[in-house]
Amino acid sequence: MKIDLHNHTVLCNHATGSVAEYVEAAIEKGTEYFGFSDHAPMHYDPQYRMSFEQMELYEGWVRDAREHYKDKITLLLGYEVDFLPRFMDDAVLKRPCDYLIGSVHFIDDWGFDNPEFIGRYEGANLDTVYTRYFELIEQMAQSGKFEIIGHLDLLKVFKFLPKKDIRLLAKNALHAIKKAGLAVELNVAGYRKPIAEAYPSTHLLEEIAALDIPITFGSDAHRPDQVGLYSEQIETLARSFGYTQCALYRNKDRTLVKF
(Lines give C-alpha, C1' and ligand atoms only; values in the text may rest on other atoms or scores of the structure.)
Protein backbone atom coordinates (compact mmCIF):
# COMPACT_ATOMS: atom_id res chain seq x y z
CA MET A 1 0.00 0.00 0.00
CA LYS A 2 1.34 3.39 -0.93
CA ILE A 3 -0.80 4.85 1.86
CA ASP A 4 -1.57 2.86 5.03
CA LEU A 5 -3.37 4.90 7.70
CA HIS A 6 -4.71 2.37 10.22
CA ASN A 7 -2.16 0.73 12.51
CA HIS A 8 -1.76 0.15 16.23
CA THR A 9 0.80 0.08 19.04
CA VAL A 10 1.24 -1.86 22.25
CA LEU A 11 -0.59 0.90 24.12
CA CYS A 12 -3.94 -0.59 23.06
CA ASN A 13 -3.06 -3.67 25.14
CA HIS A 14 -3.85 -6.12 22.33
CA ALA A 15 -0.99 -5.40 19.91
CA THR A 16 2.68 -6.37 19.90
CA GLY A 17 5.88 -4.88 18.51
CA SER A 18 7.63 -1.54 18.73
CA VAL A 19 6.83 1.54 16.69
CA ALA A 20 10.17 1.10 14.93
CA GLU A 21 9.27 -2.47 13.94
CA TYR A 22 6.00 -1.30 12.35
CA VAL A 23 7.74 1.51 10.49
CA GLU A 24 10.53 -0.71 9.23
CA ALA A 25 7.98 -3.26 8.02
CA ALA A 26 6.17 -0.48 6.14
CA ILE A 27 9.42 0.71 4.54
CA GLU A 28 10.19 -2.84 3.47
CA LYS A 29 6.76 -3.10 1.84
CA GLY A 30 7.30 0.15 -0.10
CA THR A 31 4.76 2.22 1.81
CA GLU A 32 5.25 5.97 1.35
CA TYR A 33 2.78 7.28 3.95
CA PHE A 34 2.23 5.26 7.11
CA GLY A 35 -0.20 6.26 9.84
CA PHE A 36 -0.54 5.17 13.42
CA SER A 37 -4.13 5.37 14.63
CA ASP A 38 -4.22 3.52 17.90
CA HIS A 39 -7.36 3.03 19.97
CA ALA A 40 -8.12 6.36 21.61
CA PRO A 41 -8.74 6.54 25.34
CA MET A 42 -12.20 6.76 26.85
CA HIS A 43 -13.77 5.73 30.11
CA TYR A 44 -15.23 2.56 28.61
CA ASP A 45 -13.71 -0.86 27.98
CA PRO A 46 -10.28 0.42 29.09
CA GLN A 47 -8.48 -2.90 28.70
CA TYR A 48 -8.55 -2.50 24.90
CA ARG A 49 -7.23 1.06 24.57
CA MET A 50 -4.57 3.44 25.81
CA SER A 51 -5.24 5.60 28.85
CA PHE A 52 -5.59 9.38 28.73
CA GLU A 53 -2.27 9.59 30.54
CA GLN A 54 -0.58 7.68 27.71
CA MET A 55 -1.56 10.05 24.91
CA GLU A 56 1.62 12.12 25.29
CA LEU A 57 3.72 8.96 25.26
CA TYR A 58 1.98 7.69 22.12
CA GLU A 59 2.35 10.99 20.30
CA GLY A 60 5.98 11.21 21.37
CA TRP A 61 6.72 7.78 19.95
CA VAL A 62 5.25 8.80 16.59
CA ARG A 63 7.01 12.18 16.55
CA ASP A 64 10.37 10.56 17.36
CA ALA A 65 9.91 7.92 14.66
CA ARG A 66 8.81 10.58 12.17
CA GLU A 67 12.08 12.41 12.68
CA HIS A 68 14.21 9.27 12.71
CA TYR A 69 12.77 7.84 9.49
CA LYS A 70 12.02 11.11 7.68
CA ASP A 71 14.30 10.29 4.75
CA LYS A 72 12.62 6.91 4.15
CA ILE A 73 8.90 7.35 4.85
CA THR A 74 6.32 9.92 5.93
CA LEU A 75 4.68 9.08 9.24
CA LEU A 76 1.26 10.36 10.26
CA LEU A 77 -0.49 10.58 13.61
CA GLY A 78 -4.10 9.63 14.15
CA TYR A 79 -6.48 7.98 16.57
CA GLU A 80 -9.16 5.35 16.09
CA VAL A 81 -12.16 6.47 18.13
CA ASP A 82 -15.06 4.26 19.13
CA PHE A 83 -18.37 5.89 18.30
CA LEU A 84 -19.88 5.88 21.77
CA PRO A 85 -21.54 9.28 22.21
CA ARG A 86 -21.70 9.12 26.01
CA PHE A 87 -18.00 8.29 26.30
CA MET A 88 -16.18 10.17 23.52
CA ASP A 89 -14.03 12.90 25.01
CA ASP A 90 -12.93 16.29 23.70
CA ALA A 91 -9.45 15.50 25.00
CA VAL A 92 -9.30 13.16 21.99
CA LEU A 93 -11.71 14.77 19.54
CA LYS A 94 -10.03 18.18 19.72
CA ARG A 95 -6.49 16.83 19.92
CA PRO A 96 -4.14 18.16 17.22
CA CYS A 97 -3.42 15.24 14.90
CA ASP A 98 -3.56 14.30 11.25
CA TYR A 99 -6.88 12.45 11.28
CA LEU A 100 -9.47 10.61 13.34
CA ILE A 101 -10.88 7.27 12.25
CA GLY A 102 -14.41 6.71 13.51
CA SER A 103 -15.31 3.08 14.17
CA VAL A 104 -18.27 1.16 15.51
CA HIS A 105 -17.18 -1.77 17.68
CA PHE A 106 -20.22 -1.75 19.99
CA ILE A 107 -23.94 -2.07 19.43
CA ASP A 108 -25.17 -0.63 22.68
CA ASP A 109 -23.23 -2.70 25.26
CA TRP A 110 -22.31 -5.56 22.90
CA GLY A 111 -18.70 -5.69 21.69
CA PHE A 112 -19.75 -7.67 18.64
CA ASP A 113 -16.28 -8.19 17.15
CA ASN A 114 -14.87 -9.66 20.36
CA PRO A 115 -14.81 -13.49 20.21
CA GLU A 116 -15.65 -13.49 23.91
CA PHE A 117 -19.19 -12.36 23.03
CA ILE A 118 -19.76 -14.30 19.81
CA GLY A 119 -22.60 -16.24 21.43
CA ARG A 120 -24.90 -13.24 21.16
CA TYR A 121 -25.19 -13.79 17.40
CA GLU A 122 -26.92 -17.10 17.94
CA GLY A 123 -30.67 -16.71 17.62
CA ALA A 124 -30.45 -13.01 16.85
CA ASN A 125 -32.45 -11.47 14.01
CA LEU A 126 -29.47 -10.49 11.90
CA ASP A 127 -31.41 -8.10 9.70
CA THR A 128 -32.39 -6.19 12.84
CA VAL A 129 -28.83 -6.28 14.16
CA TYR A 130 -27.42 -4.99 10.87
CA THR A 131 -30.07 -2.27 10.71
CA ARG A 132 -29.03 -1.05 14.15
CA TYR A 133 -25.35 -1.24 13.22
CA PHE A 134 -25.75 0.91 10.12
CA GLU A 135 -27.88 3.37 12.08
CA LEU A 136 -24.82 3.87 14.28
CA ILE A 137 -22.59 4.30 11.23
CA GLU A 138 -25.04 6.90 9.92
CA GLN A 139 -25.02 8.77 13.25
CA MET A 140 -21.23 8.62 13.32
CA ALA A 141 -21.01 10.15 9.85
CA GLN A 142 -23.44 12.88 10.86
CA SER A 143 -21.50 13.73 14.03
CA GLY A 144 -18.89 15.79 12.21
CA LYS A 145 -16.10 14.45 14.40
CA PHE A 146 -14.15 12.22 12.00
CA GLU A 147 -12.23 12.18 8.74
CA ILE A 148 -12.38 8.46 7.95
CA ILE A 149 -14.96 5.70 8.46
CA GLY A 150 -13.17 2.61 9.75
CA HIS A 151 -13.95 -0.96 8.60
CA LEU A 152 -17.42 -0.04 7.37
CA ASP A 153 -19.00 -3.50 7.65
CA LEU A 154 -17.06 -4.90 10.61
CA LEU A 155 -20.21 -6.63 11.85
CA LYS A 156 -19.64 -9.40 9.28
CA VAL A 157 -16.36 -10.38 10.98
CA PHE A 158 -17.53 -13.82 12.18
CA LYS A 159 -19.51 -14.50 8.99
CA PHE A 160 -22.95 -13.95 10.51
CA LEU A 161 -24.67 -12.27 7.55
CA PRO A 162 -28.10 -10.71 7.04
CA LYS A 163 -30.76 -12.07 4.73
CA LYS A 164 -31.62 -8.60 3.46
CA ASP A 165 -29.48 -7.01 0.76
CA ILE A 166 -26.57 -5.30 2.52
CA ARG A 167 -26.78 -2.41 0.05
CA LEU A 168 -30.27 -1.59 1.26
CA LEU A 169 -29.29 -1.91 4.90
CA ALA A 170 -26.35 0.46 4.42
CA LYS A 171 -28.01 2.93 2.04
CA ASN A 172 -28.73 5.72 4.53
CA ALA A 173 -25.33 5.36 6.13
CA LEU A 174 -23.56 5.63 2.79
CA HIS A 175 -25.52 8.75 1.87
CA ALA A 176 -24.63 10.27 5.25
CA ILE A 177 -20.95 9.50 4.62
CA LYS A 178 -21.18 11.16 1.22
CA LYS A 179 -22.96 14.22 2.59
CA ALA A 180 -20.39 14.60 5.38
CA GLY A 181 -17.49 14.42 2.95
CA LEU A 182 -15.79 11.52 4.69
CA ALA A 183 -13.50 8.86 3.28
CA VAL A 184 -14.07 5.13 3.69
CA GLU A 185 -11.06 2.97 4.42
CA LEU A 186 -10.43 -0.26 2.61
CA ASN A 187 -9.29 -2.32 5.55
CA VAL A 188 -7.50 -5.62 4.95
CA ALA A 189 -7.96 -7.01 8.47
CA GLY A 190 -11.03 -8.86 7.24
CA TYR A 191 -8.80 -11.14 5.18
CA ARG A 192 -7.32 -12.33 8.49
CA LYS A 193 -10.74 -13.05 10.05
CA PRO A 194 -13.40 -15.74 9.51
CA ILE A 195 -15.15 -13.59 6.88
CA ALA A 196 -11.93 -13.76 4.77
CA GLU A 197 -12.61 -10.62 2.77
CA ALA A 198 -11.84 -6.94 3.04
CA TYR A 199 -13.96 -4.34 4.76
CA PRO A 200 -16.09 -3.20 3.00
CA SER A 201 -17.51 -5.98 0.84
CA THR A 202 -17.57 -5.71 -2.94
CA HIS A 203 -21.33 -5.04 -2.84
CA LEU A 204 -20.77 -2.02 -0.60
CA LEU A 205 -17.69 -0.88 -2.49
CA GLU A 206 -19.78 -0.81 -5.65
CA GLU A 207 -22.17 1.61 -3.94
CA ILE A 208 -19.32 3.66 -2.47
CA ALA A 209 -17.79 4.06 -5.93
CA ALA A 210 -21.15 4.99 -7.44
CA LEU A 211 -21.49 7.76 -4.86
CA ASP A 212 -17.91 8.92 -5.61
CA ILE A 213 -16.91 8.61 -1.95
CA PRO A 214 -13.13 8.84 -1.46
CA ILE A 215 -11.29 5.81 -0.16
CA THR A 216 -8.10 5.23 1.76
CA PHE A 217 -6.25 2.10 2.89
CA GLY A 218 -5.40 0.47 6.21
CA SER A 219 -3.56 -2.66 7.31
CA ASP A 220 -5.16 -2.40 10.75
CA ALA A 221 -1.97 -4.07 11.92
CA HIS A 222 -1.68 -5.25 15.51
CA ARG A 223 1.69 -6.92 14.82
CA PRO A 224 4.55 -5.76 12.61
CA ASP A 225 4.21 -8.80 10.35
CA GLN A 226 0.65 -7.69 9.50
CA VAL A 227 1.84 -4.40 8.00
CA GLY A 228 1.21 -4.31 4.27
CA LEU A 229 -0.37 -7.75 4.02
CA TYR A 230 -2.72 -8.08 1.03
CA SER A 231 -1.49 -4.76 -0.38
CA GLU A 232 -1.62 -5.84 -4.01
CA GLN A 233 -4.97 -7.53 -3.50
CA ILE A 234 -6.65 -4.49 -1.93
CA GLU A 235 -5.26 -1.99 -4.44
CA THR A 236 -6.35 -4.24 -7.31
CA LEU A 237 -9.82 -4.40 -5.75
CA ALA A 238 -9.99 -0.61 -5.54
CA ARG A 239 -8.90 -0.20 -9.16
CA SER A 240 -11.56 -2.68 -10.28
CA PHE A 241 -14.15 -0.17 -9.08
CA GLY A 242 -12.51 2.73 -10.91
CA TYR A 243 -10.39 4.18 -8.11
CA THR A 244 -6.94 5.54 -8.99
CA GLN A 245 -6.52 7.91 -6.02
CA CYS A 246 -6.84 7.56 -2.27
CA ALA A 247 -7.18 10.00 0.61
CA LEU A 248 -4.24 11.27 2.62
CA TYR A 249 -4.62 13.53 5.67
CA ARG A 250 -2.32 16.03 7.29
CA ASN A 251 -3.64 18.18 10.12
CA LYS A 252 -7.11 16.92 9.12
CA ASP A 253 -6.80 18.38 5.62
CA ARG A 254 -7.36 15.88 2.82
CA THR A 255 -5.48 15.48 -0.42
CA LEU A 256 -5.92 12.75 -2.98
CA VAL A 257 -2.86 10.76 -4.01
CA LYS A 258 -2.48 8.34 -6.91
CA PHE A 259 -1.77 4.75 -5.92
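First, a word on what this report is: a plain description of the structure on this page.

About the criteria used
- Along each chain, numbering runs from 1 in the same order as the chain's sequence is written.
- Reporting of local features is limited, given that this is a predicted model, to residues whose pLDDT is at least 70; pairs of side-chain atoms are given and counted only at 80 or more, and all residues count toward the totals for whole chains, interfaces and linings.
- With hydrogens and water excluded, all non-hydrogen atoms of the structure serve as input to the side-chain values.
- Each helix is a run of DSSP H or I of at least 4 residues and each strand a run of E of at least 2, with the numbering of both proceeding from the N terminus.
- For the radius of gyration, the atoms used are the C-alpha atoms, and the globule rule reads 2.2 Å times the number of residues raised to 0.38.
- A 1.4 Å probe rolled over the protein chains alone gives each residue an accessible area, and that area as a share of the maximum for its type sets the label: buried under 20%, exposed over 50%, partly exposed in between.
- We call two residues contacting when some pair of their heavy atoms lies within 4.5 Å.
- Accessible areas in this description were obtained via Shrake-Rupley with a 1.4 Å probe; residue shielding takes into account the shown protein chains only.
- Residues scored as positive are Lys and Arg, those scored as negative are Asp and Glu, and His as well as the terminal groups of each chain are ignored.
- Charged groups are reduced to one reference atom each: NZ for lysine, CZ for arginine, CG for aspartic acid, CD for glutamic acid.
- Pairing between strands is defined by DSSP: at least two bridges between the two strands are required.
- The handedness rule is simple: strands pointing away from the viewer, and a clockwise path from the first strand over the helix to the second, make the crossover right-handed.
- Axes here mean lines fitted to C-alpha atoms, for a helix over just the part in contact, with angles spanning 0 to 180 degrees between N-to-C directions.
- This arc describes the spread of directions from the helix axis toward the C-beta atoms.
- By nonpolar core is meant a set of buried Ala, Val, Leu, Ile, Met, Phe, Trp, Tyr and Cys residues that side-chain atoms within 4.5 Å join together.

1. Quick look at the overall build of the chain
Now for step 1: Along its length, the chain carries 8 helices and 11 strands.
Now for step 2: Radius of gyration (C-alpha) of the chain: 17 Å, near the 18 Å computed for a compact globule of 259 residues.
Now for step 3: Each principal axis of the C-alpha distribution contributes one length, and for the chain these read about 50 × 40 × 30 Å.
Now for step 4: In the chain, buried positions account for 54% of the 259 residues.
Now for step 5: For the chain, restricting intrachain contacts to residue pairs at least 6 apart in sequence, the fraction spanning at least 24 positions comes to 74%.
Now for step 6: Surface exposure of the chain reaches about 11500 Å², of which carbon and sulfur atoms provide 48%.
Now for step 7: Here the chain contributes 29 positively and 39 negatively charged side chains, and the mean placements of these two sets differ by 4 Å.

2. Regarding unusual backbone geometry
Now for step 1: For the bond running from Tyr199 to Pro200, omega is -5°, close enough to zero to count as cis.
Now for step 2: Note that Pro200 resides in the loop between β8 (183–187) and α7 (202–210).
Now for step 3: Despite not being glycine, Asp220 shows a phi value in the positive range, around 55°.
Now for step 4: Mapped onto the secondary structure, Asp220 falls in the loop between β9 (215–218) and α8 (231–240).
Now for step 5: By relative accessible area, which is 7% here, Asp220 ends up buried.
Now for step 6: The backbone of Tyr230 shows a phi angle near 65°, a positive value even though the residue is not glycine.
Now for step 7: Within the secondary structure layout, Tyr230 lies in the loop between β9 and α8.

3. Points about the pairing of strand β2 (residues 33–39)
Now for step 1: The element β2 is largely enclosed, with a buried count of 7 among its 7 residues.
Now for step 2: Of the pairings in the sheet, the one linking strand β1 (residues 3–4) to β2 comprises 2 bridges and is parallel in character. Bridge pairing links Ile3 to Tyr33 in β2.
Now for step 3: Remark: the β1/helix α1 (residues 19–28)/β2 crossover connection has right-handed handedness.
Now for step 4: The sheet contact formed by β2 and strand β3 (residues 74–82) spans 7 bridges and is parallel. For Phe34, the partnering residue across the bridge sits in β3 and is Leu75.
Now for step 5: A crossover connection joins β2 to the parallel β3 through helix α2 (residues 55–68); in handedness this β-α-β unit is right-handed.

4. Side note on the sheet that holds strand β7 (residues 148–149)
Now for step 1: Strand order in the open sheet formed by 7 strands is β1-β2-β3-β4-β7-β8-β9, and the pairing between neighbours is parallel. Each edge of the open sheet is held by one strand with a lone partner, namely β1 and β9.
Now for step 2: Direction of pairing for β3 relative to strand β4 (residues 99–103): parallel, over a ladder of 5 bridges. Across the sheet, the residue bridging to Gly78 is Tyr99, located in β4.
Now for step 3: Sheet strands touched by α1: β2 and β3. Its angle to β2, the strand with the most contacts, is close to 145°.

5. Let's talk about α8
Now for step 1: By the burial criterion, the buried members of α8 are Ser231, Ile234, Glu235, Leu237 and Ala238. Buried residues of α8, seen end-on, are gathered within an arc of 155° and therefore sit on one face of the element. Exposed side of α8, more than 90 degrees from the buried face: Glu232 and Ser240 are the residues found there.
Now for step 2: Next to the buried residues of α8 lie β8, α7 and β9.

6. Digging into the nonpolar core
Now for step 1: Counting 95 residues, the largest nonpolar core has Val81, Phe134, Leu152 and Ile177 as the members making the most contacts within it.
Now for step 2: Broken down by element, the residue count for this core peaks at 9 residues, all from helix α4 (residues 126–142).
Now for step 3: Every residue in contact with Val81, bar those within four places of it in the chain, is listed here: Ala40, Met42, Met88, Val92, Leu93, Leu100, Ile101, Gly102, Ser103 and Phe146.

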